[in-house]
Amino acid sequence: YRIIPTLLLKDKGVVKTTKFKNPKYIGDPINIVKILNEKEADELCILNIDRSRHDDEPDYRHLEEIVSEAFMPVAYGGGIKKIGEVEQLFKIGIEKVIINTHLFGNFKFIKELSEIFGSQSIVACVDTKKNLFIGKKCTYAVKYLEETNFYKSKCKINEELANVLEKLGMEN
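The rules behind each value
Residue positions are given per chain, counted from 1 along the sequence in the order it is written. Owing to the predicted nature of the model, reporting of local features is limited to residues with pLDDT of at least 70; listing and counting of side-chain atom pairs is limited to 80 or more, with chain, interface and lining totals taken over all residues. Based on all heavy atoms of the structure, the side-chain values leave hydrogens and waters out of the count. Helix and strand assignments come from DSSP, with helices taken as H or I runs of at least 4 residues and strands as E runs of at least 2, each series counted from the N terminus. Think of it in three bands: residues with accessible area under 20% of the maximum for their type are buried, residues over 50% are exposed, and the middle band is partly exposed, with areas taken using a 1.4 Å probe on protein chains only. Note on definitions: a residue-residue contact is assigned when non-hydrogen atoms from the two residues lie within 4.5 Å. The arc in question is traced by the directions running from the helix axis to the C-beta atoms. In this scheme Phe, Tyr and Trp rings, the latter by its six-membered ring, pair at centre separations within 6.5 Å, and the angle between planes marks the pair as stacked below 30 degrees, edge-to-face above 60, and tilted otherwise.

Colleague: Report on the overall build of the protein, specifying residues and quantitative values.
Modeller: Tallying secondary structure elements over the protein gives 5 helices and 9 strands in all. Along the chain direction, N to C, the helices and strands of the protein fall in the order β-β-β-α-β-α-β-α-β-α-β-β-α-β. Counting every position in the protein, which comprises 172 residues, the buried fraction comes to 45%. Long-range contacts, defined here as pairs at least 24 residues apart, represent 68% of the contacts in the protein between residues at least 6 apart.

Put into structure tokens, the structure is as follows:
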């Protein structure tokens, strides 16, 4: 097995959420990365939970500070919607980009990313939650799973991050 922790960034700090709501500050990302280095984490995912709500670019300088402390590969996600953003993220040391919001309904963008940077550098992120009517897990939007499989086959994306929304931040 591999240990791949996920840090949720908000306002340059790491937060803990419950089902992606009510973020509570838990620490400085650089200090947390140093702890993860000591624990020998295999990889690190950084998700900027503020980013998809804003139209600004990632804070590359802050991310570069975090990445420079990591002794493991780092993947980053959060409102990525331009090829130039991905180029800059790779320049500062990010090894993979995690695409969620712009994964669906934007095949051209994902295909272009895959062709330019290679499919190994793209992670398809899918949010799932339990459907109360049928009692089974389903994708957050019904078409997500179908589209994710489409992207994975057409763009040869072979890595997926699944967020089980009803369990995020829960102690079970």
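Continuing now.
Colleague: Explain helix α3 (residues 83-91) to me, using residue names and the numbers behind them.
Modeller: Here α3 has its buried residues at I83, E85, V86 and L89. Summarising the axial view, the buried residues of α3 lie within an arc of 155°, below the 170-degree limit, and thus occupy one face. Contact partners of the buried residues in α3: α2 (60-69), β5 (74-77), β6 (96-99) and α4 (107-117). Of the residues flanking the end of α3, it is G93, one or two places downstream, whose phi is positive at about 115°.

Colleague: An account of the packing of aromatic side chains is requested, with residue identities and associated values reported.
Modeller: Scanning the model with the defined rule gives 1 aromatic pair in all. Relative to F117, the ring of F90 lies with its centre 5.1 Å away and its plane at 70°, an arrangement referred to as edge-to-face. In this pair, F90 sits in helix α3 while F117 sits in helix α4, placing the two residues 27 residues apart along the sequence.

Colleague: Could you give me a rundown of unusual backbone geometry, with the residues and numbers involved?
Modeller: With phi around 50°, D11 is a residue other than glycine that occupies positive phi space. You can see D11 is positioned in the loop between β1 (6-10) and β2 (13-18). Taking relative accessible area as the criterion, D11 reaches 65% and is therefore assigned exposed. Look at E40: it is not a glycine, yet its phi comes out positive at around 60°. Positionally, E40 belongs in the loop between α1 (29-38) and β4 (44-48). When its relative accessible area of 63% is taken as the criterion, E40 is described as exposed.

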